[in-house]
Every structure is written in structure tokens, then in C-alpha cells.
Amino acid sequence: MTPTSLPARLGPTHQLLDSTIRTNLDRLDITPGQAVLEVGAGPGEITAHLATLVGPDGSVTAVDADTSHLAPTHIIDIYRRDPNRDLLPGTTDSYDHIVARWHGPLRDPVDVVQQMIARLRPGGTLALATITPTPPRIYRAPGAEDADLISDVMHHVRRALVGSDGAGTWTSDIETLLLESGMAGHCVHTGIETWTGGGPGCRLLADIVTHLRPTLTGLTDSDIDRFGTLMADPGVLLASYERQFIHAHKAA
């Protein structure tokens, strides 16, 4: 396999979740002049889109532990904050909408969610994007051993992204937390795509595995090389990771 890598500006979780966020942003009814907080802004692709939605009279506050790829504008404010150590920017009732992307395990995810809710204005919307623990499904592979290998590698990748407990960023009972924190009308949207070897989804998986290769303990170089070959094989058919977009309104 010829080694490939993710673009330096775009990490694995952004690759997996940004399309889900873009698809669901219209559910938030973001309008010109509003204030939006984005947690886990990464390379800023969603940040730039949010800035077009709020227009010149609105504001977007972009937060990430690594802000090296983000640039402030007259609409966009940049804050370097690690949710594991730092408080989020803003005060009570600061934002009309908050968009947060799962980007790795948090020491206290409940506290982070409650910080976001406190910063929402009454009637404001909180949106959380994440990857669920749904096991990968392999529909077609050259052989049973190859199917097992694909499944095993996908499990390893997910563990590398969300931590050894596989819990992800947001608490598993996020819906109860939202209700108990004064959020109403919550909706959960999930999506799984079918990916074919050689197509963009499988190429993305191969890139992610290469990107995470030093952290994928338990897999041999031979396993990873074979996985890369399989991701280029049009005879492979599998289900993507299940991505979830949760949004709820703060009671007025």
C-alpha cells in the first residue's frame, strides 16, 4: 500500500462529523445577527459556514484546544480553550446557538454540557454531534478473514478516537441530562452510509488508519497494510460509523 495521510488541517473526527453537522445545521434556524458558539472548531470549515449564516451583524465564537488553523475576522472570535481544563468563553445567556463536535474523551462531559446550556439564551439551541458505539457491519469482503480484519481495525480506530472505555465525549444518557437541565423538544438524528472499496468513504477510513497508525496498538503492520488494500478493493462493501446529531431548545 502506498502510504496516505489526512490533510494536516483536518483530523479524523472532523472528517467523520463535519458532513453530518453541515447537513443538519438548517434544523437550528440560525439567522443573521445571531451569536453562535462552536466548540471543537478544528480547521474552521464549519466556523466559516456559521459566519455566512449569521452575517456581518452576527458573531461566531470558535473554541478549540488547538487554534493554529483558525483565523479571527470581524465576525469570528477565536478562543484557545481545552474543555478538560478551561471554562468555555461567554457568560450566562451569551449565545443564540451552540454547536459542539465530539472530538475526544472528556474528563467531565456532564460539566461541559452544563456549561454550554448555561451560556444559551432562553429559546436557544444546543447541537451535539458524535459517533455512536454501534458496531461496524461488513456486508461484503473477499473472504471471512478479511471481513474480520476490517471489523477489528474499525473497532481499534474507534477506541483510539474515543478512549479505552469507548464512551465518547457526551454522556451515554445525554437525553436525560438535557431534559433535567431545562432543555426541551430534543431531537436525535442518526445516519449510516454504505461505503464501497475505492470510494470516498473507504478512502477516508484508509487515511484515518494511516493517521492513527502509531496509536493502534494490537494491530500489526501487516494488518494495517492489508486493511489499506481492502479499502481500495471495489469488492468490499461496509457500513460507515453511525453518526449522531442531537439538538434541543432551552426553555424560554
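For the structure itself, consult the block above.
Reading the values: rules and limits
Residues numbered from 1 in each chain as written. Predicted model: local features only at pLDDT ≥ 70, side-chain atom pairs only at ≥ 80, totals over all residues. Heavy atoms only, no water. Helix = DSSP H or I, 4+ residues; strand = E, 2+ residues; numbered from the N terminus. Rg over C-alpha atoms; globule rule 2.2 N^0.38 Å. Buried < 20%, exposed > 50% of the residue type's maximum accessible area, 1.4 Å probe, protein only. Contact = heavy atoms within 4.5 Å. Areas by Shrake-Rupley, 256 points an atom, 1.4 Å probe, with all protein chains shown as cover. Lys, Arg positive; Asp, Glu negative; His and termini not counted. Charge placed at Lys NZ, Arg CZ, Asp CG, Glu CD. Pairing = 2+ DSSP bridges. Axes fitted to C-alpha atoms, helices over the stretch in contact; angles between N-to-C directions. Core = buried A, V, L, I, M, F, W, Y, C linked by side-chain atoms within 4.5 Å.

Draft legend 1. Just the overall build of the protein, in detail. Along its length, the protein carries 7 helices and 10 strands. Here the C-alpha atoms of the protein give a radius of gyration of 19 Å, agreeing with the 18 Å that 2.2 N^0.38 yields for 252 residues. Taking all 252 residues of the protein together, the buried fraction comes to 51%. Restricting to contacts in the protein with at least 6 residues of sequence separation, those with at least 24 account for 75%. Accessible surface, the protein as shown: approximately 11300 Å² in total, 50% of it carbon and sulfur. Each charge class in the protein can be summarised by its mean position, and for the 19 positive and 30 negative side chains these summaries are 2 Å apart.

Draft legend 2. Expanded view of the sheet that holds strand S5 (residues 120–131). The sheet built from 7 strands is open, its strands ordered S3-S2-S1-S4-S5-S10-S7 with mixed pairing. Looking at which strands have only one partner, the edges of the open sheet turn out to be strand S3 (76–80) and strand S7 (183–191). Recorded for the sheet is a direction-independent mean angle of 15° between the axes of neighbouring strands. Here strand S2 (residues 59–64) pairs with S3 via 5 bridges, running parallel. Each bridged residue has a counterpart across the sheet, and for Val60 the counterpart in S3 is Ile76. Each of strand S1 (35–39), S2, S3 and strand S4 (95–101) touches helix H2 (residues 45–54); the most contacted strand, S2, lies at about 165° to it.

Draft legend 3. Region of interest: the sheet that holds strand S8 (residues 194–196). Pairing is antiparallel across the open sheet formed by 3 strands, whose spatial order is S6-S9-S8. Bordering the open sheet on either side are strand S6 (138–140) and S8, each of which pairs with just one other strand. The sheet shows a mean angle of 25° between the axes of neighbouring strands, direction not considered. As paired elements, S6 and strand S9 (residues 237–239) share 2 bridges and run antiparallel to each other. Note on S9: the bridge partner recorded for Ile138 is Leu238. Its contacts with the sheet put helix H6 (residues 200–212) on S8 and S9, and the angle it makes with S8 is roughly 80°.

Draft legend 4. View of the environment of Ala232. Within the secondary structure, Ala232 sits in the loop between helix H7 (221–231) and S9. Judged by relative accessible area, which is 53%, Ala232 ranks as exposed. Spatially, the C-alpha atoms of Ala232 and Gly199 are 7.6 Å apart, while their sequence positions differ by 33 residues. Not counting residues within four places of it along the chain, the set of residues in contact with Ala232 comprises Gly197 and Gly198.

Draft legend 5. Fine view of the nonpolar core. With 69 residues, the main nonpolar core has Met116, Leu126, Trp170 and Met231 as its most contacted residues. Considering each element in turn, this core owes the most residues, 7 residues, to H6.

Draft legend 6. Region of the structure containing unusual backbone geometry. The backbone of Asp29 sits at a positive phi, close to 55°, despite the residue not being glycine. Within the secondary structure, Asp29 is located in the loop between helix H1 (12–24) and S1. Taking relative accessible area as the criterion, Asp29 reaches 56% and is therefore assigned exposed. With a phi close to 60°, Asp93 is a non-glycine residue in the positive phi region. By the element assignment, Asp93 lies in the loop between S3 and S4. Judged by its relative accessible area of 33%, Asp93 is partly exposed.

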